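Analysis of the macromolecular model
Residues per chain are reported as follows:
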Amino acid sequence: MDNTKVYFKKVIYWVAVIIADIFIYMILGVLQMDYDDNYDSSKGEYWSLVSMNNQQLIFYFALQLWNILNIIGLIFIGRKIYKRTKYGT
């Protein structure tokens, strides 16, 4: 009975982490919509860094940083799963 309680807590923890991750992606996506709404073709090509103002650049780089952090997190999770399946620990 105690083992299922610990397992349930782990599941709840990881579901909360995934929901928080998706929420951050949603927020950054909404903030990126400012670029679409205010794009001016005279400033440069669409999605070029030159055509963005400082605030849009911050949101763009925040999204890219969040993508990199998620990839690093997936690599660590994949490594942990690999070790558990290979070595049985």
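Throughout, residues of each chain are indexed from 1 in the direction in which the sequence is written. At least 70 in pLDDT is required for a residue's local features to be given in this predicted model, at least 80 for side-chain atom pairs to be given and counted, and no such filter applies to totals for whole chains, interfaces and linings, which use all residues. Note: side-chain values were computed over all heavy atoms of the structure, leaving out hydrogens and water.

What to know about the layout of surface pockets
Here is the rule: Only protein atoms enter the 1 Å grid, on which a cavity is a set of points fitting a 1.4 Å probe that cannot get out and a pocket is an open set with protein on both sides within 12 Å along at least 5 of 7 lines, lining residues being those with an atom within 4 Å of a point. Grid points are joined across faces, edges and corners, and a volume is the space filled by probe spheres set on the points. Helix and strand labels come from DSSP, where a helix needs a run of H or I of at least four residues and a strand needs a run of E of at least two; each type is numbered from the N terminus. Polar here means any residue other than Ala, Val, Leu, Ile, Met, Phe, Trp, Tyr, Cys and Pro, which are nonpolar, and Asp, Glu, Lys and Arg, which are charged; Gly is therefore polar.
What the largest pocket holds in volume is close to 300 Å³. Around the largest pocket, the lining residues are Lys10, Tyr13, Trp14, Ile77, Lys80, Ile81 and Arg84. Taken together, the elements giving at least two residues each to the lining of the largest pocket come down to α1 (2-37) and α2 (54-87). A per-element tally of the lining of the largest pocket places α2 first, with four residues. Residue composition of the lining of the largest pocket, grouped by class: four nonpolar, no polar and three charged. For the second largest pocket, the calculated volume is near 240 Å³.

Some words on unusual backbone geometry
The backbone phi angle of Trp47 is positive, close to 70 degrees, even though this residue is not glycine. With respect to the helices, strands and loops of the structure, Trp47 is situated in the loop between α1 and α2.

Focus on the packing of aromatic side chains
Counted only if it meets this: Geometry of aromatic contacts follows a simple scheme: Phe, Tyr and Trp rings, the Trp one being its six-membered ring, pair when their centres are within 6.5 Å, and the pair is stacked under 30 degrees between planes, edge-to-face over 60, tilted otherwise. Note on exposure labels: buried denotes an accessible area under 20% of the residue type's maximum, exposed denotes more than 50%, and partly exposed covers the range between, all computed with a 1.4 Å probe on protein chains only.
The full count for this structure, using the stated rule, is eight aromatic pairs. With a centroid separation of 5.0 Å and 90 degrees between ring planes, the pair formed by Tyr39 and Tyr46 is classed as edge-to-face. Between Tyr60 and Phe61, the ring centres sit 5.4 Å apart and the planes meet at 70 degrees, which makes this aromatic pair edge-to-face. Under the relative-accessibility criterion, Tyr60 is labelled partly exposed at 22%.

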